[in-house]
Amino acid sequence: LLGNNVANDFYTDQNKSGFVHGEFKLTDQWSLAAGVRYTDENKANIFDHVNEYPADSIVAPFPKTLSSSRFDYSGSVNFQATQDILFYASTATGFRSPGFNPRPFTVGQLQEVPGEHAIQYEIGNKSDFLDHRLRANTAIFYIDYQAHLTPVNATQCDAPTDLNPAVFQLAPGATCPTGSYYAGTTGQPWFLTAVEPASIRGIEEQLSANPVDGLRLNLNFGYNQ
């Protein structure tokens, strides 16, 4: 039987960021908006798994650290067709900063998980009708992921104390190779993360009606592919 582990890991995250955003009116109907954001992040993680059998405890000799920084931007063109109807087209970048494998079983599996980066393009409108008793907001969007995280199952056949273990992607039912620490067994599970391109496209519609005082009807519709 396996002994019980207590995950006594310690994690810190320091984030410094700032942004500036502005809007410029070209005419009474046309305007431009733009912004930029800077983010600087530092992370540290100490792997400390204490087992009820002391010989099976695994403690990292030093913390793993990560540092990342980047600029993101946004921009839009707006057309105020009437006092109650606005059309817009926008683009913006976004990210998920690099992190750590959230389910390490051994000290060597506490490795960096890459970050995600995406650009979103959107067109839509914000509209009020019937003296603000009917509202219809539409958004059509496309998100282009240059880097999207995808989980991958793998195996560690090296010793659980190995700080730089090899990664094995064994076929179903296969066992660790001869000469490895877990030879002849299925080894330690290892949840890796791969980076692949991806995209999301869709449309959203928000409808709100206030036909009489005290009664409000809402309908939200969305489709994602």
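Residue indices follow the written sequence of each chain, beginning from 1 at its first position. For a predicted model such as this one, the threshold for reporting local features is a pLDDT of at least 70, and the threshold for listing and counting side-chain atom pairs is 80 or more; totals across whole chains, interfaces and linings nevertheless cover every residue. For side-chain calculations, the full set of non-hydrogen atoms in the structure is used, while hydrogens and water are omitted.

## A word on the overall build of the chain
The number of helices and strands found in the chain is zero helices and 13 strands. Taking 2.2 N^0.38 as the reference for a compact globule, 225 residues should give roughly 17 Å; the C-alpha atoms of the chain span a radius of gyration of 26 Å, well beyond that estimate. Remark: exposure states derive from per-residue accessible area (1.4 Å probe, protein chains only) relative to the maximum for the residue type, with buried under 20%, exposed over 50%, and partly exposed in between. The buried share among the 225 residues of the chain stands at 29%. Here, two residues are considered to be in contact whenever any of their heavy atoms come within 4.5 Å of each other. If you take every contact in the chain between residues at least 6 apart in sequence, the share linking residues at least 24 apart comes to 61%. Total accessible area computed for the chain in this model is approximately 14400 Å², and 57% of it derives from carbon and sulfur atoms. Computing the positive centroid from 13 side-chain charges and the negative centroid from 23, the chain places the two 6 Å apart. By definition, any uninterrupted DSSP run of H or I lasting at least four residues is a helix, any uninterrupted run of E lasting at least two residues is a strand, and each is numbered from the N terminus. For this measure, only C-alpha atoms enter the radius of gyration; the expected value for a globule follows 2.2 Å times N^0.38, where N is the number of residues. Using a 1.4 Å probe, accessible areas were evaluated by the Shrake-Rupley method; residue-level cover was limited to the displayed protein chains. His is not counted, nor are the chain ends, whereas Lys and Arg count as positive and Asp and Glu as negative. Taken as the charge location is NZ of Lys, CZ of Arg, CG of Asp or CD of Glu.

## Quick notes on the sheet that holds strand S1 (residues 5–7)
Within a sheet, each strand pairs with its neighbour through backbone hydrogen bonds, oriented either parallel or antiparallel. For two strands to be treated as a pair, DSSP must find no fewer than two bridges joining them. Spatial strand order, S1-S4-S5: three strands in an open sheet with antiparallel pairing. Unpaired on one side and paired on the other, S1 and strand S5 (58–59) mark the two borders of the sheet. Inspection of the sheet shows S1 paired to strand S4 (residues 48–51) by three bridges, in the antiparallel sense. Across the sheet, residue Asn5 finds its bridge partner in S4, namely Asn51.

## Quick notes on a nonpolar patch on the surface
Each patch is built from residues lacking any salt bridge and having more than 30% relative accessible area; the joining distance is 9 Å for like charges and 5 Å for nonpolar side chains (Val, Leu, Ile, Met, Phe, Trp, Tyr). In what follows, salt bridge is the name for a side-chain nitrogen of Lys or Arg lying within 4 Å of a carboxyl oxygen of Asp or Glu. Together, Val20, Val36, Tyr38, Phe71 and Tyr73 make up a nonpolar patch on the protein surface, roughly 480 Å² of accessible area in all. When contributions to the nonpolar patch are tallied by element, the ones reaching two or more residues are strand S3 (30–46) and strand S6 (64–82). Structurally, Phe71 is set in strand S6. Here Phe71 falls in the exposed class, since its relative accessible area comes to 58%.

## Let's talk about the pairing of strand S13 (residues 215–224)
Regular strands place their side chains on alternate faces of the sheet. Burial of S13 is sparse: only zero of the 10 residues sit out of reach of the surface. By the bridge criterion, nine bridges tie strand S12 (residues 188–212) to S13 in an arrangement that is antiparallel. Residue pairing for S13: Leu207 is matched across the bridge by Leu219. Connecting S12 to the next strand, S13, in antiparallel fashion are two residues, including Gly214 with a positive phi near 90°.

## Describing the sheet that holds S3
Read across the sheet, eight strands follow the order S2-S3-S6-S7-S10-S11-S12-S13 without closing on themselves; strand pairing throughout is antiparallel. Edge strands, defined here as strands with exactly one partner in the open sheet, are strand S2 (10–25) and S13. When strand polarity is set aside, the average angle formed by the axes of neighbouring strands in this sheet is 15°. Both strand S10 (residues 116–129) and strand S11 (residues 134–156) contribute to a ladder of 13 bridges, which runs antiparallel. Across the sheet, residue Ala118 finds its bridge partner in S11, namely Tyr145. Simply put, an axis is a line fit to the C-alpha atoms, just over the touching stretch for a helix, and the angle between two N-to-C directions goes from 0 to 180 degrees.

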